[in-house]
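The residues making up each chain are set out below.
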Amino acid sequence: MSSKRSNNFKYFLLSLVAPVGGILISALLLFILILLIRKGSLSDTIQAFYIMWKTLTSKQDVGYIIARSEPLILSGIAAAIAFRAGVFNIGTEGQYYIGGLLGAVYAIYFSFKSPSLHWLNVILVIVFSMIGGALWALIPAILKVKKGVHEVITTIMMNQIAYTTAKYFVNGPMSGLKGGESLEPKTMNFPAAVDFKRLYDIFHGHFPFPKYIPLYESLFIALIVVVIAYIVIYYTNWGFELKMLGTNPNATKYSGVPPKVVIFNAMLWSGAIAGIINLQEIFGIKGYYTHHMTGGLGFDGIAVALIGYNNPIGVVLAALLFGFLRTAGYNLQFELGIPNSTMDLITGFIIIVMVIASVTMNRYISKLRRKEVLSEAGDR
Amino acid sequence: MMFTTLWFLLRSTIISSAPIGYAALGGVFNERSGVVNIALEGILLVSSFGYVAGAFFGKSAWWGLFWGIMAGLLLSLIHAIATVTFKINHIVSGVALNTIAIGVTRMLSLVMFGQETQSKTNSYTRLFGMDIQWLIALLLFLVIAPLSYWLLFKTSLGLRLRSVGENPEAADSLGINVEKMRYTGVLIGGAIASLGGIALYPSIWQSGISGGRGFIGLASMILGNWMPIRSVLASTLFGFADALRLIDVVRKYIPNEFLTALPYLLVLIVLAGLIGKARPPRADGVPYVRGE
């Protein structure tokens, strides 16, 4: 019995090899890259790593890390839900453009102007944005279950259409530019009652809460989504059906669960969560909508989900890692002139190394397990 | 007057189609051998940077050509190692490589040209006395596309390449080295797609210059039903929509955004089965592990 427990511990340690090894190998690559960029100066390279360490100890930087991780958490959860059902939702990219657009439509045309109804506005913005994201996932979902068309290609098409659609509304019907006020295309400004900035004031007014943590409405929403996703994935039937479909589609066929229904729901919920990815930037920072917002958050979320093993807690950790890399990258550029795009390179590299390592380790672990089972059978 | 407009439209269509068409052809070689490659977008980006940097520092279009193709091949090689040797998910590797492509080009641009978002202007853009963008664009339609058809459908290499994409078990049992064939497909496809990056804009590189054309190339490939010549012809649809936007009369009456979105809508309609039927190679994107 005790040998079995020690075996389980061994498997736990083995499962850590991929993430830890991936980060170590990537740190080594970063070291070499910086050494090359700084033309072989070892002291500069060591200073670069010290600057990265300092990012973690500065309160202001910790605030930036959290703010940069927030959209990635949502984006990672959205991708993870689809992945769990064995579906690739590359379309989170377009879904957050449309989600934000529909949220903006609510804010500009339908929102309550009275400040006392702020919270109702927040909830309705979220509902509109989720509907927008889900709508954009609807066509790929229908084509997938009705016609068997691969979702990667349809969602890529939808991404391109999403961007053009957003551009059309920003420059056309919803344009907030009157006679060349600014070169940046944008919609009309939102009324003050929908600003996502209230929670921060409430918390800092009444609680001894650290000021550098950007606890805006959007961060709060992201945390709620993480908790709900965790409960749904691990403690409900639907979560189990997702897992079954993603890991063993054949078993699903015989268990009476219609795979098409599960896939369809997974894509729509993935899209709905994708719809709220960028509310922080649109409603918390800008106060208007524009197609010139931070792009690529959808693709980043796919990476976050992969590195976090499609587990909501893992997604939070991976998103924080990305937020850290990006913030550290800005500091490196500012203090040492090392391009922060080096961090993009490292991010891509981490994904490949970690996925290769985890695929290889899984194969090794299942080989060990098979041996173990065989030897147990032999003992009897 | 009419004639000049038509000639302008034709020339712009050919030039705008070329990067998409090359990416589509690259996709055909990848997917016919059973490897899905969404890193085509990244290949366009690194090869366009490779051309500009190679020509600028080597002071010759030939060096540009060399480094452009090298950059694309290198990215393809990583994709092949990750998906064929280590058998990781093809989309995952593609997403990671696209991120790497963005990072590496911006980083090198800052180190080599002192600016992260664009390179210095490269004046070595002529080959055999012709503008290289025009030359490579014509090359696609007149030489590379027919040649690809011949290679895939009239040679034994092509037959083997397609067999590992359709039925790797059967190919393996006939003594074809599946992994080697898939490497061949990914690398030939990568080299062809690199030409697309070179045809993109040889005089200057800018961050984000590929602008989703790699993805559109994949769409053209599907529209062309994974056939070389049809895929290239499908890319002209996107190129034509692009060229139309340059014409004043059209711009006046049709919203720009509608023209941009039209080809993508068309792809969705085709995929929905309203026009024709798309059929990918059977083992497309499926890792091959012996004895499973």
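Further up the page is the structure itself.
Residues numbered from 1 in each chain as written. Chains lettered and ligands numbered in written order. Predicted model: local features only at pLDDT ≥ 70, side-chain atom pairs only at ≥ 80, totals over all residues. Heavy atoms only, no water.

S.K.: How would you summarise the pattern of salt bridges if you had to cite specific residues and measurements?
M.R.: Residue and element names in this part refer to chain A. Tallied over the entire structure, the rule returns 7 salt bridges over all chains. Two residues, Glu151 and Lys144, come together in a salt bridge whose shortest N-O distance is 2.8 Å. Classification of Glu151 as buried rests on a relative accessible area of 2%. On the basis of relative accessible area, Lys144 is assigned to the partly exposed category, the value being 21%. The partner of Arg326 in a salt bridge is Asp300, and the shortest N-O contact between them spans 3.1 Å. (Salt bridge = Lys/Arg side-chain N within 4 Å of Asp/Glu carboxyl O. Buried < 20%, exposed > 50% of the residue type's maximum accessible area, 1.4 Å probe, protein only.)

S.K.: Talk me through the nonpolar core; I want residue IDs and the actual numbers.
M.R.: Of all hydrophobic cores here, the largest spans 176 residues; its most connected members are Ile77, Ile90, Phe190, Tyr289 and Leu332 of chain A together with Ile38 of chain B. Once you skip the residues sitting within four places of it in the chain, Ile38 of chain B turns out to touch Ile90 and Val152 of chain A together with Ile91, Gly94, Val95, Asn98, Phe215 and Leu218 of chain B. Ranked by size, the runner-up nonpolar core spans 6 residues in total, among them Leu9, Leu244, Ile247 and Val250 of chain B. (Core = buried A, V, L, I, M, F, W, Y, C linked by side-chain atoms within 4.5 Å. Contact = heavy atoms within 4.5 Å.)

S.K.: Which residues make up helix 7 (residues 198-206) of chain A, and what are the values?
M.R.: All names here are of chain A. Along helix 7, the positions that sit buried rather than exposed are Leu199, Tyr200 and His204. Each buried residue of helix 7 sits inside an arc of 120° when the element is viewed along its axis, so together they form one side. The outward face of helix 7, more than 90 degrees from its buried face, is lined by the exposed residues Asp201, Gly205 and His206. (Helix = DSSP H or I, 4+ residues; strand = E, 2+ residues; numbered from the N terminus. Arc of directions from axis to C-beta.)

S.K.: Quick rundown of the interface of chain A and chain B? Include the residues and the values.
M.R.: With 40 residues of chain A at the interface, the matching set in chain B holds 38 residues. Here chain A meets chain B over a buried area of about 3300 Å², counting both sides, of which 81% is carbon and sulfur. Area buried by chain A at its contact with chain B is led by Met157, Gln160 and Ile352 of chain A, which between them contribute 16% of it. The tally of links between chain A and chain B comes to 0 salt bridges. Listed by contribution, the elements that provide at least two residues to the side of chain A that touches chain B are helix 1 (2-37), helix 5 (118-147), helix 6 (151-171), helix 13 (297-307) and helix 15 (342-379) of chain A. Sort the elements by how many residues they give to the side of chain A that touches chain B and helix 15 of chain A lands first, with 13 residues. Its residues assigned to classes, the side of chain A that touches chain B shows 24 nonpolar, 12 polar and 4 charged. (Buried area = accessible area lost by both parts, 1.4 Å probe. Nonpolar A, V, L, I, M, F, W, Y, C, P; charged D, E, K, R; others polar.)

Distances and angles like these do not, on their own, reveal function.
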